[in-house]
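Chains, contacts and geometry: an overview
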Amino acid sequence: MSAVILIPLVISATVGILGYLTYRLVIFDYLCDRSVNTTLRKYDIKKTQFQIIKEYYENKGEIVSEKGIFQLAKKYRQKEPEQFLTMYDSVRDKSKTE
């Protein structure tokens, strides 16, 4: 009798957890990436997120590996998307003064 209740409950919980993880790890990042790229196009910025971060940290004099740049891009994309515009302005101002 308990199997009648327990099996559907376990299946529902598993599907729910897998759905949440799929959303959080795949769909959420895709939506954030699309939003940032739309914002960059809106302001007619031809650089990618990777290029902006790389140039920003090079101007600061810090060395960041490619893997580190990808991790920073994901962090900024999901938690602080406005940082891309701030970093781009910093890179642009630095190139104008040189």
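This text goes with the structure placed above it.
Residues numbered from 1 in each chain as written. Predicted model: local features only at pLDDT ≥ 70, side-chain atom pairs only at ≥ 80, totals over all residues. Heavy atoms only, no water.

With respect to the side chain of D29
Summarising the element assignment, D29 is placed in helix α1 (residues 2-42). Once you skip the residues sitting within four places of it in the chain, D29 turns out to touch K74, R77 and Q78. (Helix = DSSP H or I, 4+ residues; strand = E, 2+ residues; numbered from the N terminus. Contact = heavy atoms within 4.5 Å.)

Focus: the packing of helix α3 (residues 66-79) against helix α4 (residues 83-97)
At a minimum axis distance of 9 Å, the contact between α3 and α4 shows a crossing angle of 120 degrees. Between α3 and α4, the crossing angle belongs to the class labelled oblique. The segment α3 lies against α4, with A73, Y76 and R77 engaging Q83, F84 and M87. Looking at the contact of α3 with α4 residue by residue, the classes come out as 4 nonpolar, 1 polar and 1 charged. (Axes fitted to C-alpha atoms, helices over the stretch in contact; angles between N-to-C directions. Parallel < 35°, antiparallel > 145°, perpendicular 65-115°, else oblique. Nonpolar A, V, L, I, M, F, W, Y, C, P; charged D, E, K, R; others polar.)

Some points on the packing of aromatic side chains
Scanning the entire structure with this criterion turns up 4 aromatic pairs. Pairing Y23 with F28 gives two aromatic rings, centres 6.1 Å apart and planes at 55 degrees, and the pair type is tilted. When the centroid spacing of 5.0 Å and the interplanar angle of 40 degrees are considered together, the rings of F50 and F70 count as tilted. Residue F50 is located in helix α2 (residues 49-60), and its partner F70 is located in helix α3; the two are separated by 20 residues in the primary sequence. Residue F50 is classed as partly exposed on the basis of its relative accessible area, which comes to 22%. The ring of F28 carries R24 above its face, with NZ or CZ at 4.5 Å from the centroid. (Phe/Tyr/Trp six-rings, centres within 6.5 Å; stacked < 30°, edge-to-face > 60°. Buried < 20%, exposed > 50% of the residue type's maximum accessible area, 1.4 Å probe, protein only. Lys NZ or Arg CZ within 6 Å of the ring centre and 35° of its normal.)

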